[in-house]
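So you can see what is in the structure, the chains are spelled out below.
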Amino acid sequence: MRFFRFLVGVKDEMKQVSWPNAKQTRKDTGSVISVAISMAIFLGIVDYLVQAGLKLFV
């Protein structure tokens, strides 16, 4: 019985959510992908520089 009330509550809450449209979803997805790629490139460069720096000391 408590589980059924929980599901009804979830259904009511989901009706109140403002869902993004397809255009906004594509824009947000593009932003996430571009930031992820940028961070991967940045961290790759930092990793390369750290490795090169450590090779000078070893």
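Along each chain, residues carry numbers from 1 onward, in the same order as the chain's sequence is written. Reporting of local features is limited, given that this is a predicted model, to residues whose pLDDT is at least 70; pairs of side-chain atoms are given and counted only at 80 or more, and all residues count toward the totals for whole chains, interfaces and linings. Only hydrogens and water are removed before side-chain values are computed, so all heavy atoms of the structure are retained for them.

Draft legend 1. Seen up close, the overall build of the protein chain. Strands are runs of DSSP state E lasting at least two residues, helices are runs of H or I lasting at least four, and both sets are numbered from the N terminus onward. Across its full length, the protein chain carries two helices and zero strands. As a reference, a globule follows 2.2 Å times the number of residues to the power 0.38, and the radius of gyration itself is taken over C-alpha atoms. Expected size for 58 residues packed as a compact globule is a radius of gyration near 10 Å; at 23 Å, the protein chain overshoots this value by more than 25%. With the C-alpha coordinates aligned to their principal axes, the bounding extent of the protein chain is approximately 65 × 35 × 10 Å. A buried classification covers 0% of the 58 residues belonging to the protein chain. Summed over all atoms, the accessible surface of the protein chain reaches about 5800 Å², with 70% contributed by carbon and sulfur. Neither His nor the chain ends is counted toward charge; the positive residues are Lys and Arg and the negative residues Asp and Glu. Here the site of a charge means NZ on Lys, CZ on Arg, CG on Asp, or CD on Glu. Charged side chains in the protein chain number 8 positive and 4 negative. The centres of these two groups are separated by 6 Å. Only protein chains enter the area calculation, which uses a 1.4 Å probe; residues under 20% of their type maximum are buried, those over 50% are exposed, and those in between are partly exposed. Only the protein chains shown count as covering a residue, and every accessible area follows the Shrake-Rupley method with a 1.4 Å probe.

Draft legend 2. Representation of a nonpolar patch on the surface in the model. For patch building, the residue pool is restricted to those with more than 30% relative accessible area and no salt bridge; the joining distance is 9 Å between like charges and 5 Å between nonpolar side chains (Val, Leu, Ile, Met, Phe, Trp, Tyr). We define a salt bridge as a contact between a side-chain nitrogen of Lys or Arg and a carboxyl oxygen of Asp or Glu at a distance within 4 Å. Side chains of Phe3, Phe6, Leu7, Val10, Met14, Val17 and Trp19 sit close together on the surface and give an oily, nonpolar patch of about 730 Å² of accessible area. Position of tryptophan 19 among the secondary structure elements: in the loop between α1 (2-16) and α2 (22-57). Looking at tryptophan 19, the relative accessible area reads 61%, which means it is exposed.

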